[in-house]
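# Topology and contacts: notes
One-letter residues, chain by chain:
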Amino acid sequence: AATSSPRHFLELSDFDTPTLRRMLDLAASTKRGDLADKPLAGKTVALIFEKPSTRTRVSFEVGIHQLGGHAVVLSSKDMQLGRGETAADTAKVLSRYVDAIMLRTDSVAKLRELAEHATVPVINGLTDVSHPCQLMADILTFEEHRGPIAGQVVAWLGDGNNVARSFIQAAARFGFTLRLATPPELAPPAQLVDWARQEGASIELTADPVAAVRGARCVVTDTWVSMSDEKDGGPTARHNQLAPYQLNAALMQHAAPDAVVMHCLPAHRGEEITAEVIDGPQSVVFDEAENRLHAQKGVLLWALGAN
Ligand code: CP
Ligand code: NVA
């Protein structure tokens, strides 16, 4: 177990811009094949899932393998964590076995408790309020396709959910303008928007999708029903509320002609995005999905100081 304070990766807001840039540089280097072989040789990472996952699960497991490390993939249902063992005790025990822990959970409190008691780095693999690994991949993807994101306009459409909230933090750290078009009831928390603005971010909130998309260089959306919304019985209400925010070809007419379309996936064609747009020439969603692998390698190399 580490003796100094572990390098947790919990929220983008925890970091200054140069540190996030360092992680992205590591991601780009490893993607180019520029790093020494097997920098995680002898290291083990626990990946804990309290909710389903395709990309996060596979990209972490494969990425760790490619870096020479070993991943232990755990469903909380199969752990004592799933039947009441505390996150604190789980953190203390796992810290004796593994070199880092990734957690996907509905409960940001559980993530924080895990991080507080772990003596190894803890990585946020999505909570109900944020998804920082996704944003690292999204920044990498935008910049690969269109160059520096600073000063660009990004439009977010639909639900002010976990991914939207990480976009707000990213706007503060990477210097792009973020316009969010959401139904007023699904707007991101005012406290987070205020924080970002105090950090110098340009965040524009509107209920009008055309106003948000106008001239934007990147247009992003996400599911109308996130995993944390499934149990509230409200999918139909959300579909009605969010229908005007569908990302379709008519809306894309208002974006910059060379705008890229992003979506963290999984997508629901005909709901938040049409098949024409997500499968069309402006969509970079599969590059974005691939970049989860590379971006997380950058985060892991930074967190484990293995570079
Ligand atoms: N984008 C993303 O996190 O996908 P998964 O839920 O499949 O991990
Ligand atoms: N907002 C979505 C993202 C899935 C990767 C959810 O939380 O379900």
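Criteria and cut-off values
- Residues numbered from 1 in each chain as written.
- Chains lettered and ligands numbered in written order.
- Predicted model: local features only at pLDDT ≥ 70, side-chain atom pairs only at ≥ 80, totals over all residues.
- Heavy atoms only, no water.
- Helix = DSSP H or I, 4+ residues; strand = E, 2+ residues; numbered from the N terminus.
- Expected span 1.5 Å × (residues − 1).
- Bend = angle between axes of the 7 residues up to and from the residue.
- Buried < 20%, exposed > 50% of the residue type's maximum accessible area, 1.4 Å probe, protein only.
- Near = heavy atom within 4 Å.
- Polar contact = N/O pair within 3.5 Å; in protein donor to acceptor, adjacent residues only side chain to side chain.
- Areas by Shrake-Rupley, 256 points an atom, 1.4 Å probe, with all protein chains shown as cover.
- Nonpolar A, V, L, I, M, F, W, Y, C, P; charged D, E, K, R; others polar.
- Pairing = 2+ DSSP bridges.
- Axes fitted to C-alpha atoms, helices over the stretch in contact; angles between N-to-C directions.
- Contact = heavy atoms within 4.5 Å.
- Core = buried A, V, L, I, M, F, W, Y, C linked by side-chain atoms within 4.5 Å.
- Right-handed = clockwise from strand over helix to strand, strands pointing away.

The next thing to look at is helix H12 (residues 285-303). In this model, H12 (19 residues) spans 26 Å end to end at C-alpha, consistent with the 27 Å of a helix rising 1.5 Å per residue. At Asn291, H12 shows its maximal kink, close to 30 degrees. When you tally the buried positions in H12, you get 16 out of 19 residues, the bulk of the element. Downstream of H12 by one or two residues, Gly305 has phi in the positive range, about 60 degrees.

Taken together, Leu126, Asn161, Asn162, Asp222, Thr223, Ser226, Met227 and Leu265 make up the full set of residues adjacent to ligand 2. Taking Ser226, its side chain carries an N or O atom lying 2.7 Å from a nitrogen atom of ligand 2. Contact with the protein chains covers 94% of the free accessible surface of ligand 2, which is 270 Å². By residue class, the composition of the shell around ligand 2 is three nonpolar, four polar and one charged.

The four strands lie next to each other as S2-S1-S3-S4, forming an open sheet whose pairing is parallel. The open sheet has two free edges, formed respectively by strand S2 (70-75) and strand S4 (122-124), since each of these has just one partner strand. When the angles between neighbouring strand axes are averaged without regard to direction, this sheet yields 20 degrees. Judged from the five bridges that link them, strand S1 (residues 44-49) and strand S3 (residues 100-104) form a sheet pairing that is parallel. By the bridge assignment for S3, Ala46 is matched with Ile101. Sheet strands touched by helix H2 (residues 55-66): S1, S2, S3 and S4. Its angle to S1, the strand with the most contacts, is close to 175 degrees.

This part is about the nonpolar core. Side chains that are nonpolar tend, in soluble globular proteins, to be buried together. Grouped together as the largest cluster of nonpolar side chains are 59 residues, with contacts concentrated most on Phe9, Met136, Phe167, Phe174, Phe176, Leu178 and Ile203. Here the element with the most residues in this core is helix H6 (residues 162-174); it accounts for eight residues. When near neighbours in sequence (up to four residues on either side) are disregarded, Phe9 contacts Phe15, Leu20, Met23, Val122, Ile123, Asn124, Pro132, Cys133, Met136 and Val299. Membership of the second largest hydrophobic core comes to 26 residues, among which are Ala155, Leu242, Met252 and Ala259.

What follows is about the pairing of S1. Within a regular beta strand, the side chains point alternately toward one face of the sheet and then the other, so they alternate between its two faces. Here S1 lies mainly inside the structure; six of its six residues are buried. Of the two faces of S1, the one holding Thr44, Ala46 and Ile48 and the one holding Val45, Leu47 and Phe49 are both buried throughout. Each parallel crossover has a hand, and for S1 linked through H2 to S2 it is right-handed.

In this section: the pairing of S3. Judged by how many residues are buried, S3 sits mostly within the fold: five of five residues are covered. In terms of strand pairing, S3 meets S4 through three bridges, oriented parallel. Paired with Leu103 across the strands is Asn124, a residue of S4. The parallel pair S3 and S4 is bridged by helix H4 (residues 108-117), and the resulting crossover is right-handed.

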